[in-house]
Amino acid sequence: MAPGSDRLFDTLGHFGRFQACVYFASVFQAVSCGIHYLASVFMAVTPKFVCSIPGNVSSVLYYNSSASSIEDVWTLWTSTDNYIVAQLENGEIWELNQCSRSRREGSLDLAYEYNGNKSVFSCSHGYIYDHTKWKSTIVTEWDLVCEREWLAKLTQPTFMLGVLIGAVIFGDIADRMGRRHIMWFTSIGQFLFGIVVAFTFDYYSFVVARFLLAMVSSGYLVVVFVYVTEYVGIKVRTWASMHVHAFFALGVMVVALVGFLVRTWWVYQIYLSITTLPFVLCCWMLPETPFWLLSVGRYEEAQKVINIMARWNKVSTPCKISELCSIQQDALVSSRTGDNDVSTTKKHNILDLFCNRYIARRTITVWLIWFTGSLGYYVFSLSSVNLGGNEYLNLFLIGVVELPSYVIACIGMDKLGRRNTLIPSLISSALICVLIMLIPQDFNVLIILANMAGKFTIGVAFGLIYLYTAELYPTIVRSLAVGSGSMMCRVGSVVAPFCVYLTSIWIFMPLLLVGIMAFLSGLLTLMLPETLGKPLTNTLTEAAEMGRKQDISSEKSPPAESGVMLQKIEILSQETQGIEK
């Protein structure tokens, strides 16, 4: 964003009526992003099931309980290690397990225990599912159980891989074609691909459609951060960009509500996709940002947008493009002739983040925090449906608790400092993971409350690491540092579903991994410098010195003033692109 934005927002207002309308209209679609990111928690549910058998069942036996159909014993069947005995109308007696079935040879007596000869068969006739909670899921639709179980487990990781690729592609295209056009395309894409997912005819077309849905959802979330940042003034920019995440959390709550009301997976998917429709119908009214128009030389269009902002905000004398361009030119000349002149011709790469041991240590720590924040966020979210009790209420509460975490992150960053807020949040996340492991499994309420606390603390860390990363690095590699950190964030989101699946090895394995990563990240954060009230660095040497002289400078430097903080937020917003989950 151009330095002249100070003048523009001082004249038109930092968050006037026009900005408020644009902000809430554009971030509304972030609700849909949150919906699609976590829709699979109910779409890919695996209910109770056993092998199907040829013929009509006349009676069923489970230990001492008998019934006339298999559907009548689902409530009694609490352990998948046990089998169900079924007798057919022709007299055959079968023992039904989840992934195999056995026919008793030479026995016509219906009894649960049997030590005679048995013929073992595979589940060639399909499976019988418990439809008590869900009438249909993708698991029951395409029999994604037993040897095909791994296909169901790939549903969320492949979606997150689409998130990673979409963020890279659409983030770059938005700089070339404009924010508005990409927001149009990705919004329409979310609606269309969302509907396509509901009508896919097999598993592989389902995965492809979900992958494309992930790309456009991720693309929208990346671009909307930049869009709202370029429309609000520096006085509210931190809060405005931070609370885009809050609308994402609202999407998580919508998933819980729709999942509770609709129990057929393709109808569930259609209802979730319809949430995109209101924005699709009105997104064409959103204007392009004046700063992007200025960057590509479309001055007349930029002036029209500024005039519209002035009318909506009831400003009689709007800022002129010629004034903004003059300010930009002066700032450009000043930056080139200043004491800290930095060559703009040199291209920097990822190796510059490891140029010396101080910067390298800082980069490793920051990457670990990004990875841990994303890993913890999705582990707590995806695991919430398996905590016991009402899984829909659990997921809803996990979304609710995320909202105040961003408020605390904003307040903590400005009052306590970035590092002093980040360290307690990470260490607390680790301690909460340990606490959950110590709570007896019968205490469902305590487990749920502890998971909510874990999501809250990891949400605080996840919310502030974006700004903290940008402040830790000099101007010449700042965008590179934030971009590489966001890539580690997305890697964490891809790994998180696999981490959740480790509960099959040990029920506390995901919590153990998140706890270790959070504790290690918290300890390493102690070596990071505090950036609250400190000027932004321009060279790698200055950035390294900031870490070495942190203790000395913290004793001598006066408290930060609001003007310094506003200036930092303004510079950061012009050099970074925004980040998504």
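What you are looking at is a predicted structure, and each value in this text was computed from that prediction instead of being measured.

Parameters at a glance
- Residues numbered from 1 in each chain as written.
- Predicted model: local features only at pLDDT ≥ 70, side-chain atom pairs only at ≥ 80, totals over all residues.
- Heavy atoms only, no water.
- Helix = DSSP H or I, 4+ residues; strand = E, 2+ residues; numbered from the N terminus.
- Buried < 20%, exposed > 50% of the residue type's maximum accessible area, 1.4 Å probe, protein only.
- Pairing = 2+ DSSP bridges.
- Axes fitted to C-alpha atoms, helices over the stretch in contact; angles between N-to-C directions.
- Patch = residues over 30% accessible without salt bridge, like charges linked within 9 Å, V, L, I, M, F, W, Y side chains within 5 Å.
- Areas by Shrake-Rupley, 256 points an atom, 1.4 Å probe, with all protein chains shown as cover.
- Salt bridge = Lys/Arg side-chain N within 4 Å of Asp/Glu carboxyl O.
- Disulfide = S-S within 2.5 Å.

Undergrad: Give a detailed account of the environment of L281, specifying residues and quantitative values.
TA: Considering the arrangement of structural elements, one finds L281 in helix α12 (residues 277–282). Overall, L281 belongs to the exposed group, its relative accessible area being 57%. Between the C-alpha atoms of L281 and W184, which are 97 residues apart in sequence, the distance is 9.9 Å.

Undergrad: Describe the sheet that holds strand β6 (residues 101–104), naming the residues involved and giving the relevant values.
TA: One open sheet accounts for six strands, arranged β3-β2-β4-β5-β6-β7; its pairing is antiparallel. Only two strands of the sheet have a single partner each, and these edge strands are β3 (65–67) and β7 (118–121). Adjacent strand axes in the sheet meet at a mean angle of 25°, parallel and antiparallel pairs treated alike. In this structure, β6 lies alongside β7, joined through four bridges in antiparallel fashion. Within β7, the position partnered with R101 by the bridge is F121.

Undergrad: Mind laying out a nonpolar patch on the surface, listing which residues take part and the relevant values?
TA: The grouping of I505, W506, I507, L512 and I516 at the surface amounts to a nonpolar patch, some 480 Å² of accessible area in total. For L512, the location among the structural elements is in helix α22 (residues 509–525). Looking at L512, the relative accessible area reads 31%, which means it is partly exposed.

Undergrad: Outline the state of the cysteines, supporting the account with residue identities and numerical values.
TA: Scanning all chains against the criterion turns up two disulfides. Should the bonded cysteines of the protein be numbered as they appear in the sequence, the pairing reads 1-3, 2-4. Here C433 is not disulfide-linked; the sulfur of C499 is the nearest cysteine sulfur, at 9.7 Å. Here C433 falls in the buried class, since its relative accessible area comes to 1%.

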